[in-house]
Amino acid sequence: MNSTQIKCFLALSETLNFTKAASRLYLTQPALSRQIVTLEQELNTLLFIRDSKNVSLTPAGALLSSELGDIYASLEALVSRVQTVGQGYSGMLTVGVLEGQWMGDALTRLCRAFMKRYPNIDFRLQQGSFSLLRQQLADGKIDAAITLEFDIREMPGVVWKVFEEDSAVFAVSRSLRLARQETIRIEDVLQETIIAISPQDSRTGHDKLMNYLKKQGGPRQRVLCAPNFSTLTLWVEAGLGVGIMNNSSSLANNAAVRLIPEIPLDDANNCVVWRQNSTNPAVDLFVEMLDSWFPMEQEQQ
């Protein structure tokens, strides 16, 4: 029993008229008759009683008609839902966001616009450290991540796009004497305790800072390794030392902290990253919308 046979049977069982049923299905009457005969042969059961003037259902036909209508309606609804999910218009999309980052008005409006355009997609945001986002992305616990490009460049099996260029910057609590200097040089920074991200959370971020400091003659005081970005920002705000962060971090908008942009540092671009073998079509919809809001570079992997 195929879908064409089902449609023909249901149309004829409702109209009990070959001409009307054929017209409803845009078929010729002989084509409809062949479908009904084929169905009866497959079931080895007579479904209709036909004479020169009337068509009526047999008891077997009446039973099939009473049950098949609901079954076929459910099947069509299921097919429609499967196609909707397959096109990415429903389902779930979970995006991880690097902790300690300021979403900003544009990115917030984009997320709202995505939920409005695709109301059947269960869109979720959650925060995480560098290492947690990488692990969850690899394990499939999140579909994509918004993080800093340097941290995922060496990650295998992922694709990413930069959507906003940014740079790293030293930051110091205004409670420290250093922050009250009119001009701050790298030599001044090297005299302070340096707060770095731990190599366990971001090996690349840690090594970049250590290599930079080594080229400048090395820190004169100790280096504190924060276990994650949230702790790093807390330590900077508390005045435990001089930290390094990006301009999009929440701490960069904290009036109690002074940024030191006059000391040039490497890029810390914001990017969206997803698994290369992702089977969730909603990821493509999100990246497509992100690209329309923030013209991005070519995909990298």
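Residues numbered from 1 in each chain as written. Predicted model: local features only at pLDDT ≥ 70, side-chain atom pairs only at ≥ 80, totals over all residues. Heavy atoms only, no water.

(A) Layout of the overall build of the protein. Of regular secondary structure, the protein possesses eleven helices and twelve strands. Taking 2.2 N^0.38 as the reference for a compact globule, 301 residues should give roughly 19 Å; the C-alpha atoms of the protein span a radius of gyration of 32 Å, well beyond that estimate. Taking the principal axes of its C-alpha atoms as reference, the protein extends roughly 105 × 30 × 30 Å. Per-residue burial for the protein yields a buried fraction of 46% across its 301 residues. If you take every contact in the protein between residues at least 6 apart in sequence, the share linking residues at least 24 apart comes to 73%. In the form shown here, the protein has an accessible surface area of approximately 16000 Å², with 49% of it arising from carbon and sulfur atoms. (Helix = DSSP H or I, 4+ residues; strand = E, 2+ residues; numbered from the N terminus. Rg over C-alpha atoms; globule rule 2.2 N^0.38 Å. Buried < 20%, exposed > 50% of the residue type's maximum accessible area, 1.4 Å probe, protein only. Contact = heavy atoms within 4.5 Å. Areas by Shrake-Rupley, 256 points an atom, 1.4 Å probe, with all protein chains shown as cover.)

(B) Region of interest: the packing of aromatic side chains. Following the criterion strictly, the structure yields eight aromatic pairs and no others. Between phenylalanine 123 and phenylalanine 286, the aromatic rings sit 5.8 Å apart at their centres with planes inclined by 35°, giving tilted as the arrangement. With phenylalanine 123 in strand S4 (residues 121-128) and phenylalanine 286 in helix H11 (residues 281-293), the pair connects residues that are 163 residues apart, well separated along the chain. We classify phenylalanine 123 as buried; its relative accessible area is 11%. The class of phenylalanine 286 is buried, set by a relative accessible area of 1%. Here the aromatic rings of phenylalanine 130 and phenylalanine 150 are separated by 5.9 Å at their centres, their planes lie at 45°, and the arrangement is tilted. Placement of the pair is phenylalanine 130 in helix H6 (residues 130-139) and phenylalanine 150 in helix H7 (residues 149-152), with a sequence separation of 20 residues. (Phe/Tyr/Trp six-rings, centres within 6.5 Å; stacked < 30°, edge-to-face > 60°.)

(C) View of the packing of helix H5 (residues 104-117) against H11. Packing of H5 against H11 brings their axes to within 11 Å, and their N-to-C directions diverge by 135°. In terms of orientation, H5 lies oblique with respect to H11. Helix-helix and strand crossings are classified by hand; for H5 and H11 the assignment is right-handed. Contacts from Ala106, Leu107, Arg109, Leu110, Ala113, Phe114 and Arg117 in H5 reach Ala282, Leu285, Phe286, Met289, Leu290 and Trp293 in H11. Here the residues of the contact of H5 with H11 sort into eleven nonpolar, no polar and two charged. (Axes fitted to C-alpha atoms, helices over the stretch in contact; angles between N-to-C directions. Parallel < 35°, antiparallel > 145°, perpendicular 65-115°, else oblique. Left-handed = near helix turned anticlockwise from the far one by under 90°. Nonpolar A, V, L, I, M, F, W, Y, C, P; charged D, E, K, R; others polar.)

(D) Structural context of the pattern of salt bridges. Enumeration over the complete set of coordinates arrives at ten salt bridges. Close ionic contact of glutamate 40 with arginine 50 constitutes a salt bridge, the shortest N to O distance being 3.0 Å. With glutamate 40 in helix H3 (residues 29-43) and arginine 50 in strand S1 (residues 48-50), this pair connects stretches of sequence that are ten residues apart. With relative accessibility at 35%, the residue arginine 50 sits in the partly exposed group. Between arginine 134 and aspartate 151 there is a salt bridge, with its nearest N and O atoms 2.8 Å apart. Here aspartate 151 lies in helix H7 and arginine 134 lies in helix H6, a separation of 17 residues in the sequence. The class for aspartate 151 is buried, based on a relative accessible area of 7%. (Salt bridge = Lys/Arg side-chain N within 4 Å of Asp/Glu carboxyl O.)

(E) Up close: the nonpolar core. Formed by 48 residues in total, the largest nonpolar core has its most connected members in Phe170, Val189, Val236 and Met245. Per-element accounting of this core gives the leading share, five residues, to strand S7 (residues 168-173). Counting residues in hydrophobic clusters, the runner-up holds 23 residues, among them Leu107, Leu110, Ala144 and Phe294. (Core = buried A, V, L, I, M, F, W, Y, C linked by side-chain atoms within 4.5 Å.)

(F) Focus on the sheet that holds strand S12 (residues 270-275). Taken in spatial order, the five strands make up an open sheet running S4-S3-S5-S12-S6, and their pairing is mixed. Looking at strand neighbours, the two that pair on one side only are S4 and strand S6 (158-164), the edges of this open sheet. On average, adjacent strands in this sheet sit at an angle of 25° to one another, irrespective of strand direction. Across eight bridges, the pairing between strand S3 (residues 91-98) and S4 is parallel. Looking across to S4, one finds that threonine 94 is bridged to arginine 124. Seen against the sheet, H6 touches S3, S4, strand S5 (144-148), S6 and S12 and runs at an angle of roughly 150° to S5. (Pairing = 2+ DSSP bridges.)

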